[in-house]
Amino acid sequence: MLGNGSPAPFLSVPGSTPGTPGTPIHHIKSDDVGYTSFSFAGKKAQSARVEERLLSNGFIPEPLVHSETTWFYDALGIDEGYFKLESVDTVADHIESLYGAKVQAHAAHQDYLEIKLEKESENGAVFIYTSPPGVSLTDGPQYEQLIDTKYLDNSDANGTAWRLESYRAAGSLSSTSTVAQQLRCYFVSKCSFANPPAPKPTGDQHDDVEAAPVDIKTVADKVFLEKATENTLEIYQNVMDEALKRMGPVVTAYEVDGTRERRVVIGYKQGGTKRFFSALSDLYHSYSFYSTRKYVETFTNGITIISLYLLPLSGPPVEANVLQIIKEASLIYVLPTNPLFDGDSKLTVQEAAYAYSGWIFAQHFLNRLGPAYAALKNILDEQDTAQAAVLSDIRARFRQETFTRASILETLQSYPEIIRLLYISFAMTHYYSVYTPNQLMPTLSYARLKTGVVLSNDQLLATIKKTVLNKHDAQILESFVTFNKAILKTNFFTPTKVAISYRLDPAFLPASEYPTPAYGLFLVVGNEFRGFHLRMKDVARGGIRIVQSRNREAYSMNQRNLFDENYGLASTQALKNKDIPEGGSKGVILPDIGASPRLVFEKYVDSIIDLLLPGHSPGIKEQVVDLYKKEEILFFGPDEGTADMMDWAATHARNRGAPWWKSFSTGKTASTHGGIPHDAFGMTSLSVRAYSTGIYRQLGLKEEEVTKVQTGGPDGDLGSNEILLSKDKTIAIIDGSGTIHDPEGLDRAELVRLARGRKMISEFDASTLGKEGYRVLVDDRDLVLPSGEVVADGTDFRNGAHFRYKADILVPCGGRPESVNITNVSRLWDSEGVPNFKYLVEGANLFVTQPARLALEKKGIVLFRDSSANKGGVTSSSLEVLAGMSLSDAEFLDLMTSPNGEGFSDFYLNYTRNIQQIISANATAEFNTIWREHEVSGRAYTLISDDLSQSLIKLQNDLEESNLYDNEKMRRAVMARAIPRSLVDQVGLDTILERLPHTYAHSIFSSYVASRYIYTNGLGASLVDFYTFLTSLS
């Protein structure tokens, strides 16, 4: 039984004792061995047969055969499981290998013997080699890394599962050998479960429902059940139960009574980390411990448990070091392959994890353009296409050539003492200041630092200037001071986490490059990804985008541009959100090549939630130091790569205890999570269509006669609905699978078929194409077109296809940001300067850059930018958020979901109709305002759209700072108009106002007044007009 009775205390991990990071170590009785030793009854008989084989082989001199065999079987302390697993021939081969190593060592006059034995089969592997205790070898066979990558990282109870037993041999290699010459044995074997695992759910979607506790005996491997003691089963059962409730690891520790041994047990969900087992060795070695035994068990319910049996290298164990191993195991789980922490590291785990985070920060925010670029920008005319192209090229070169990832890492590795000082400043603010304010602090890394002096930011900068003579290196280290100053809160010291998240004050962003001030910035750092979330005001909403990379070159480019893409998307979202309560926000996640998009999204979301909810579980989710000191609520929506993950986000927020879970994510499944899907109701397309049809209406065009090129295919939300709602003559569509073109018009019935089935143009029936029509798929090579042109590469053809065709209108419904930019925009007109298109309605976000938009308008193209055209989806999502906050949990589940497939409530259907009406009305009102202003002033549609958005945002912000909302008569009159009638009728205005957060209700009021006033009176309206407008509202 557990030494301290109840299992609850031992599940609490470090952090509860003021001044000392850690909880008491729990106890195991000295007679509990954890796993029973394996006994091989046939060992003696096998030894005799091995001797016979050695004699027949003749490699070892006959007089030495018996002594060498006895030495191998009895003196080395090899676990008997090895002899049970291996054949006579294999054991004989290993003894001969050892004898050969002895001869070689003698000939080289070496006083030590290095052993390396290995054998792998389809059912397992055996590795035995010389392993100095307490030392992480950076060269040699690297067996633990091999075991991680080849076996444990890929262990899956629904596929091939593996378990591991590892022992340090008790004997020595020779009569003169020391403890530093002990053998380490690893036995990897394929699992054979007592009960077959349940079938894995099909598809990638899954709910975040806590798995019910199960009896460990029903999900365990047969060998484990034979060897584990009752106490081990009890400990593992408790760890498993707790691991099922969390995303992060469960870490526990035990003292074996009357011995120097300490046991660390770690449980976690399979697939949550990589190379964890080998990284743990570096951790306990750094605190002067070595392992006598190690076990890794895989269970069919998706849990993995690791046990480490540790001893100090010398003397009694330092309990503070044991506590540090427990605490830092969670950081190892988060960053197991941190290049700043390995066997030769001069940094502790916490210092290295902090340095890794700063490394990521520096990669994105060190490559700033600086005063030289600003001066050049002031000289050049960005309205001139050629000069703007030069400026764009210089900007790209500055960003990629100044500070590379490798050069930043090299600098960090060169100055560990500076990193340590920077880390102490960070830790004092975000951990120790809770317990020991304004005094010298015990550092978190007990084994390396006993005390540390906390330097101010100015002192840190002075130290860097004095110590680091290289300007390049100094700038890198100074960026860490900027990083420290920007951090408002972090989950770094939260015991259980899956990634490290930081809430940053974005005030450090240079205004010359980021002219619109941002309100809040989150940085999330994981082992296989990095991510940002940026919002432009307190109440803000936007999608979460996963940026996938096809290859290493694409990854490098995506990494360089990641934050700029995030800023551009959030800024555009702010302009787009001008007539809804939420300001603009956006999240971007960059997975490493090969990383699971689902996994990185879940880690990203969970880590941000760590900073939105107060910690209330000692040892699991503890209170963080909050320098922001205000409640924050974020609203996430679907974007590229995350459309099927919104259900999980809402459910996970609910399981984490978030009161705002119903509104946390939009785009959820309608039937089970009460979402309002944009594609099913054509929400985004309704606003895009309002601009296309507005152009046709104003110019007297018949849509059936208009020719169109569309990017984004029938498989996507916007692309499919653009096809279903339009009546034009579409001559080309470009999507992820390739390009299809027919100058006579693509078959409308075939397009509709694909759109309804959400299929790509790769499935278009090519037999419907005219004689000049063709389809080029991305995988095509050397394809001959009807004109005789040879397409060498289908992907390259697709990427530039939007420049090839001429039509009346271009409607981008998909594609990468900046597909049309100042360096390539001239490809959209011919040699005589005639544009390929007359009209452009930018349905896809950031498809065209701002300088390119203005260049196109100079050519006479009527262009409506993304922030105006693509706002239907954000309006729908905003009203989905409103429903979630206005309805109680019971009302929400009753009125907004249909879990049994019985159809949606009348309220749901009426509410979605209200949303569609609001989207169409807002889009038409904005289109008319922009068109009217252009007719009067002649200014570019793009600039008018921007001015309109900025005016709306400014007026909304002014109204939020005013006391107009306090006027009850005015408030009730406006809110009754702003909130959809179906919701007011269902819940009641008073109840809605009671349930809405004050800041959110105020934003509804302000956004409605601002948008209706400017859409009615235009950009040049007077204060008298505003007074008259307010009077009409009340």
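Structure's up top.
In short, a report on the structure. A quick note: this is a predicted structure, and the numbers were derived from the prediction, not measured. (Residues numbered from 1 in each chain as written. Predicted model: local features only at pLDDT ≥ 70, side-chain atom pairs only at ≥ 80, totals over all residues. Heavy atoms only, no water.)

1. With respect to the pattern of salt bridges
Operational definition: Whenever a carboxyl oxygen of Asp or Glu lies within 4 Å of a side-chain nitrogen of Lys or Arg, that contact is scored as a salt bridge. Under the DSSP-based scheme used, a helix requires at least four consecutive residues in state H or I and a strand at least two consecutive residues in state E, with every element numbered from the N terminus. With a 1.4 Å probe rolled over the protein chains alone, any residue whose accessible area is under 20% of its type maximum counts as buried; one over 50% counts as exposed, and the rest are partly exposed.
By the definition in use, this model includes 58 salt bridges. With its nearest N and O atoms 3.1 Å apart, the salt bridge here joins R420 to E351. Placement of the pair is R420 in helix 15 (residues 416-430) and E351 in helix 11 (residues 349-365), with a sequence separation of 69 residues. Judged by relative accessible area, which is 8%, R420 ranks as buried. For E351, a relative accessible area of 1% translates into the label buried. For D579, the salt bridge goes to K871, with nearest N and O atoms at 2.7 Å. One end of the pair, D579, is in the loop between helix 18 (552-576) and strand 15 (583-591); the other, K871, is in the loop between helix 29 (866-869) and helix 30 (872-886), with 292 residues separating them in the sequence. K871 gets classed as buried once you look at its relative accessible area, which sits at 1%. Through salt bridges with shared partners, a single ionic network connects K489, R503, R535, D538, D626 and E632.

2. Description of the packing of helix 24 (residues 683-699) against helix 30
Definition in use: In this analysis an axis means a line fitted to C-alpha atoms, helices contributing only their contacting stretch, and an angle means the value between N-to-C directions, from 0 to 180 degrees. An angle below 35 degrees is treated as roughly parallel, one above 145 as roughly antiparallel, one from 65 to 115 as roughly perpendicular, and anything else as oblique. Helix crossings are classified by the rotation of the near helix relative to the far one: an anticlockwise turn of less than a right angle makes the crossing left-handed, while a clockwise turn makes it right-handed. Contact definition: two residues touch when any of their heavy atoms are within 4.5 Å. Here the term charged refers only to Asp, Glu, Lys and Arg, the term nonpolar to Ala, Val, Leu, Ile, Met, Phe, Trp, Tyr, Cys and Pro, and the term polar to all other amino acids, Gly among them.
Relative to each other, helix 24 and helix 30 sit at 140 degrees, their axes nearing to 6 Å. Classified by the interaxial angle, the pair formed by helix 24 and helix 30 is oblique. Taken as a pair, helix 24 and helix 30 cross one another with a handedness that is right-handed. Mapping the contact onto sequence places M683, T684 and S687 in helix 24 and G872, G873 and S876 in helix 30. A class-by-class count of the residues in the contact of helix 24 with helix 30 yields 1 nonpolar, 5 polar and no charged.

3. Quick look at the pairing of strand 4 (residues 162-168)
Side-chain direction in a regular strand flips from residue to residue, so the side chains alternate between the two faces of the sheet. Rules: Strands pair, by our definition, only if DSSP identifies at least two bridges between them.
Strand 4 sits mainly inside the fold: 7 of its 7 residues count as buried. Of the strand pairs in this sheet, strand 4 and strand 5 (residues 183-190) are connected by 7 bridges, and their pairing is antiparallel. Residue S166 lies in a different strand from strand 5, and its bridge partner there is Y186. Relative to strand 8 (residues 289-298), strand 4 runs antiparallel, the two being bridged by 4 bridges.

4. Points about the packing of aromatic side chains
Spelled out, the test is: Stacked, edge-to-face and tilted labels apply to pairs of Phe, Tyr and Trp rings (six-membered ring for Trp) whose centres lie within 6.5 Å, assigned for plane angles under 30 degrees, over 60, and everything in between, in that order. A ring is scored as having a charge over it whenever the NZ atom of a lysine or the CZ atom of an arginine sits within 6 Å of its centre and within 35 degrees of its normal.
For the structure shown, the criterion picks out 59 aromatic pairs. On the numbers, 4.9 Å between centres and 70 degrees between planes, the contact of F492 with F493 is edge-to-face. Judged by relative accessible area, F493 falls into the buried class, the value being 8%. The side chain of R503 reaches across the aromatic face of Y628, ending 4.6 Å from its centre. A cation sits over an aromatic face here: K859 above W829, 4.8 Å from the ring centre.

5. Regarding the environment of S136
On the secondary structure map, S136 appears in the loop between strand 3 (124-130) and helix 6 (143-150). Since its relative accessible area comes to 16%, S136 is described here as buried. Each C-alpha atom, one on S136 and one on A125, is 21 Å from the other, the two residues being 11 residues apart in sequence.

6. Digging into the sheet that holds strand 2 (residues 116-121)
In a beta sheet, neighbouring strands are held together by backbone hydrogen bonds and run either parallel or antiparallel to one another. A sheet is described by the order of its strands in space; here 9 strands give the open sequence 1-6-7-9-8-4-5-3-2, paired in mixed fashion. Looking at which strands have only one partner, the edges of the open sheet turn out to be strand 1 (26-28) and strand 2. Each strand of the sheet is rotated relative to its neighbour by a mean of 20 degrees, with strand direction disregarded. As defined by bridge partners, strand 6 (residues 250-256) adjoins strand 7 (residues 262-269) across 6 bridges and the pair is classed as antiparallel. In the strand pairing of strand 7, V251 is matched with I266. Contacting strand 4, strand 5, strand 7, strand 8 and strand 9 (303-312), helix 9 (residues 276-286) crosses the sheet at an angle of about 160 degrees to strand 8.

7. A closer look at helix 14 (residues 405-414)
Those residues of helix 14 that sit buried are S407, I408, L409, T411 and L412. Buried residues belonging to helix 14 abut helix 11, helix 15 and helix 17 (471-486).

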